[in-house]
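Topology and contacts: notes
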Amino acid sequence: MEEGNWILATVIRAVALGTPILWGTLGEITAERSGVINLGVEGMMILGALAAFVVAHLTGQPTAGLVVAAAVGGAAALLHAFISITLRANQYVSGLALTMFGLGLAGLLGRGWEGRPLLDTLPEISALTYAGLGVAVALWVVFYHTRWGIVLRSVGEMPAAADALGVNVALVRYLAVAFGGVMAGAAGAFLSLAYRPAWTEGMTAGMGWIVIAIAIFAAWDPLRAVAGALLFGALFHLSFRLQAWVAPELLKMMPFAFTILALAATAGGRRGLGAPEALGTPYVTGER
Amino acid sequence: MRRIYLVLALVLVAGLAAPGAAQQKLKAGFIYVGPIGDYGWTHAHDEGRRLAQQRLPWLETIYVESVPEGQVEPFIERMIQQGARVVFTTSFGFMDGTLAAARRYPNHIFAHASGFKRNRNMATYMADFYQVYYLNGLMAGALTKTGRTAYVGAFPIPEVKRHLNAFALGVRAVNPQATVHVRWIFEWFNPAAAKEATEALIAAGADVFAFTEDSPTVVQVAARRNLPSFGHYSPMQKFAPRHVVSGQLVHWDRIYIDFLSKVYAGRYTADNLADVDYWWLLAEKAVELGGEPGVPVNPVFRTALQAARVNTPDLGRISVYDLVMRRLAQMATPQMTFDPFTGPIRDRKGTLRAPAGKRLTVAELTSMEWAAPGVVGPWPKEP
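Here the residue index of a chain counts from 1 through its sequence in written order. Labels follow written order: the first chain is A, the first ligand is 1, and so on. The model is predicted, so local features are restricted to residues of pLDDT at least 70 and side-chain atom pairs to those at 80 or more, both for listing and for counting; the totals for chains, interfaces and linings are taken over all residues. To obtain the side-chain values, all non-hydrogen atoms of the structure were included, while hydrogens and water were left out.

This next bit is on the overall build of chain B. Within chain B, the regular secondary structure consists of 12 helices and 17 strands. This radius of gyration counts C-alpha atoms alone. The globule rule is 2.2 Å times how many residues there are, raised to the power 0.38. Over its C-alpha trace chain B gives a radius of gyration of 23 Å, about what one expects of a compact globule, namely 21 Å for 383 residues. Dimensions of chain B, computed from the C-alpha atoms along their principal axes, are close to 85 × 50 × 40 Å. Whether a residue is buried, partly exposed or exposed follows from its accessible area with a 1.4 Å probe, protein chains only, as a fraction of its type maximum: under 20%, in between, or over 50%, in that order. When the 383 residues of chain B are sorted by exposure, 60% land in the buried category. Contacts between residues were defined by any pair of non-hydrogen atoms, one from each residue, lying within 4.5 Å. For chain B, long-range pairs separated by at least 24 residues make up 64% of all intrachain contacts whose partners lie at least 6 apart in sequence. Here the Shrake-Rupley method, with its probe set to 1.4 Å, supplies the accessible areas, and only the displayed protein chains count as covering residues. With an accessible surface of roughly 15300 Å², chain B has 55% of that area assigned to carbon and sulfur atoms. Helix and strand assignments come from DSSP, with helices taken as H or I runs of at least 4 residues and strands as E runs of at least 2, each series counted from the N terminus.

Shown next as structure tokens:
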């Protein structure tokens, strides 16, 4: 385990920690591409983590836990969709509320599940990891090379124009937000089934916010999200490896600062850092 | 004859009614810094509260969880309005808020965990692990094959440093060449950080693990690599039955029951707490050695620990298993015939911290900033 293995070890850790971050980020990017920001990632993730753990514990089937977690994440996201799309409430407030609601509800329902070992777990580097990379590529293709992608992006950029062309803005947004929830729920499942197979209240410990930051600094690009998630995973791990030589107080900020700097510095490409034009704005038919 | 029945009936009624009238309930409030589902610090305090309530029929308890440090006063006030006569605040950061409330409510009783400020109506209490960490260190020193043990630390504060140093003293008592590699995560609870810190320590060649963090993450990560570890705070042996050697367990109920009983009996009042400081260790049974209650050493490791032999100044040549049991027995007696922080102790820079034969005082233990010999890694605020 000496220097020769540094690179390999770091890559493995980057992939392991990067997987849940990537899943969450891809979901958030999709939702934001449709013009709906969802600050409820943390809440959806933790509900997914609890659901996955409980189902896997009861059935002995971690895969069943994963599926249920995705469904729970999607359902939680529909709550945000209903409030922010149908009721046209402030997206930021609704998302924050979802985070608080998710953390609180999971804490309440999770009572008694802490301190229980899980016998049937998922491996850390697994089909989920590759699926995350696959989804990233697929989303990139869909966003930039299919009609669906044009519809999604136009709803996020100019919903009035899309509406005029006959696109059902609300439906597209609902689907995008629900997809975001499914991905966040699955990310939570990865945490409680593979990354650290156990339930503890508050176990996401802020990962939902990292996801939102990477979604923004990846400039809403699925492939850049892969780079961001892996970079964050690698730097987070290295921040502990390097403690033997560098002051730990400095290293604590490193993964956050470097990931954001790196993503921001390389964002000057063809799409730049521009957010979807209608991001955060509820759409009202006929209004501009 | 009839009159006798009447008298009997009266006595019976009086007998039934009397305890009801005399039985004044005592209401105690508990203020927690974390969620009770954390399976760590707050979980353990809440277990203590529940056991006290079960054991003491006259006790009624209320609690509030996840109270931010620095905002404790309004919560104390609400508890007093709800009728609490005793309020426990269970985080170091609640110290000044509790003191302010104690001054504002001179007739109520307060007790603050892990702090050092007291008042005539405010006591302090702590169940400390340093002796248990020393015993864990003895075992770790015997079990390491690479000579590198590991410790994932929460914050570099005196409490954690004291535990880390006790662990390191134990490791070196058995294995004078061994080292304790440290990584800090700067959080009490963060599974991802605990996980990556453990991975970093594994990559650095460490092969036995102890830690301070409120989740079984370190235990789980070590077990995946087939490496032994020591549980922290809650029973964690079940998370890795073949890899958890031992660990530290807490019994806050011992302190809560003792304190509340004395309040109920009138021995503790809102006037005589200025010198009441529970600093409870193995002897008071406020802490326990083990990864599971009643199991000081996982039987899986018994043979290995019995096979490892070591020379000691006072007990001669002895197996590490027996050494652990002897030291445990010595510290579990009220006389405490052994304490890990007994001089001569020099820190890792060579400065004398305890002269030969002298034991560190509680004040010295609770303000410890130096690093014990064998500790390798960053040590913020090292003197």
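Let's pick the thread back up.
All names here are of chain B. By the element assignment, Lys 27 lies in strand β1 (residues 26–31). In protein, a polar contact requires one atom able to donate a hydrogen and another able to accept it; more generally it is a pair of N or O atoms within 3.5 Å, and residues adjacent in sequence count only if both atoms are side-chain atoms. A distance of 2.7 Å separates the side chain of Lys 27 from the backbone oxygen of Gln 82, its partner in a polar contact. Those residues in contact with Lys 27 that sit more than four places away from it in its chain are Glu 60, Ile 62, Gln 82, Gly 83, Ala 84, Arg 85 and Val 86.

Turning next to helix α11 (residues 320–332) of chain B. Residues and elements named next belong to chain B. Between its first and last C-alpha, α11 extends 18 Å over 13 residues, near the 18 Å set by a 1.5 Å rise per residue. By the burial criterion, the buried members of α11 are Val 320, Tyr 321, Leu 323, Val 324, Arg 327, Leu 328, Gln 330 and Met 331. Check the buried side of α11 and you find it contacts α5 (130–143), α6 (158–174), β12 (287–289), α10 (302–307), β13 (309–312) and β14 (316–319). An expected span of 1.5 Å times one less than the residue number is assigned to each helix.

Residues and elements named next belong to chain B. An automatic or database domain assignment supplies the start and end points of every domain. What the domain assignment reports for chain B is domain 1 (18–127 + 252–280) and domain 2 (130–249 + 287–376). Put simply, the middle of domain 1 and the middle of domain 2, counted by C-alpha atoms, are 30 Å apart. Listed per partner, the contact involves 10 residues of domain 1 and 15 residues of domain 2. Of all residues in domain 1, the largest losses of buried area upon contact with domain 2 belong to Tyr 39, Trp 41 and Trp 279, amounting jointly to 62% of the total for that side. By definition, a salt bridge exists where a carboxyl oxygen of Asp or Glu is found within 4 Å of a side-chain nitrogen of Lys or Arg. Counting across the domain 1 and domain 2 interface gives 0 salt bridges. Seen at the junction of domain 1 and domain 2, the total is 4 residue pairs in polar contact (both at pLDDT 80 or more). No other element matches helix α2 (residues 41–55), which puts 3 residues into the side of domain 1 that touches domain 2. Accessible area, probed at 1.4 Å, shrinks when two parts are joined; the buried area is that loss added up over both.

The strands making up a sheet are joined through hydrogen bonds of the backbone, oriented either antiparallel or parallel. Residue and element names in this part refer to chain B. Taken together, the 6 strands give an open sheet; going across it, the order is β2-β1-β3-β4-β5-β11, and neighbouring strands pair in parallel fashion. Edge strands, defined here as strands with exactly one partner in the open sheet, are β2 (59–64) and β11 (277–280). Neighbouring strand axes in the sheet, compared pairwise and without regard to direction, differ in orientation by 20 degrees on average. As paired elements, strand β4 (residues 109–113) and strand β5 (residues 122–127) share 4 bridges and run parallel to each other. Bridge assignment links Ala 111 to a residue of β5, and that residue is Ala 123. A pair of strands counts as paired when DSSP detects no fewer than two bridges linking them. Note on geometry: axes are C-alpha line fits, over the in-contact stretch for helices, and angles between N-to-C directions span 0 to 180 degrees.

Listed as interface residues are 37 residues of chain B and, on the opposing side, 31 residues of chain A. When chain B packs against chain A, the two sides together hide about 2900 Å² of surface, and 59% of this comes from carbon and sulfur. Sorting the residues of chain B by area buried against chain A places Glu 196, Ala 203 and Arg 224 of chain B first, and these three jointly supply 20% of that buried surface. Taken together, the links from chain B to chain A amount to 5 salt bridges. Linking Glu 124 of chain A and Lys 195 of chain B is a salt bridge whose minimum nitrogen-to-oxygen distance equals 2.1 Å.

As a further point, take the environment of Pro 117 of chain A. Within the fold, Pro 117 of chain A resides in the loop between α4 (91–109) and α5 (127–145). C-alpha separation for the pair Pro 117 of chain A and Trp 199 of chain A, spaced 82 residues apart in sequence, amounts to 8.5 Å. Non-local contacts of Pro 117 of chain A, meaning those with residues more than four positions away in its chain, are made with His 57 of chain A together with Lys 238 and Phe 239 of chain B.

On to the packing of helix α9 (residues 207–217) of chain A against helix α11 (residues 248–265) of chain A, then. All names here are of chain A. Running from N to C, α9 and α11 cross one another at 20 degrees; their axes reach a closest spacing of 9 Å. Considered as vectors, α9 and α11 are oriented roughly parallel to each other. On the side of α9, the interface is formed by Ile 210, Ile 214 and Phe 217, while α11 contributes Phe 256, Ile 260, Leu 263 and Ala 264. When residues are sorted by character, Ala, Val, Leu, Ile, Met, Phe, Trp, Tyr, Cys and Pro go into the nonpolar class, Asp, Glu, Lys and Arg into the charged class, and all the rest, Gly among them, into the polar class. Per-class residue counts for the contact of α9 with α11 are 7 nonpolar, no polar and no charged. Oblique is the label for every angle not falling under 35 degrees (roughly parallel), over 145 degrees (roughly antiparallel), or within 65 to 115 degrees (roughly perpendicular).

Let us look at the pattern of salt bridges. Enumeration according to the criterion identifies 23 salt bridges over all chains in this entry. Put simply, Arg 49 of chain B and Asp 46 of chain B hold a salt bridge, and the shortest N to O gap is 2.8 Å. Linking Arg 49 of chain B with Asp 46 of chain B, this pair stays in helix α2, spanning 3 residues, or about one helical turn. Relative accessible area serves as the criterion here: at 4%, Asp 46 of chain B is assigned to the buried category. Asp 277 of chain B is the salt-bridge partner of Arg 118 of chain B, the closest N and O atoms lying 3.8 Å from each other. Residue Arg 118 of chain B is found in the loop between β4 and β5, and its partner Asp 277 of chain B is found in strand β11; the two are separated by 159 residues along the sequence. A relative accessible area of 32% means that Arg 118 of chain B is categorised as partly exposed. One continuous salt-bridge network, built from bridges that share partners, spans Arg 13 and Glu 124 of chain A together with Lys 195, Glu 196, Glu 199 and Arg 225 of chain B.

All names here are of chain B. Most of β4 sits inside the fold, with 5 of its 5 residues counted as buried. A two-sided burial pattern is seen for β4, the buried positions comprising Ile 109, Ala 111 and Ala 113 on one face and Phe 110 and His 112 on the other. Summarising the sheet, strand β3 (residues 86–89) and β4 pair through 4 bridges and their orientation is parallel. Across the sheet, Thr 89 pairs through a bridge with His 112, a residue of β4.

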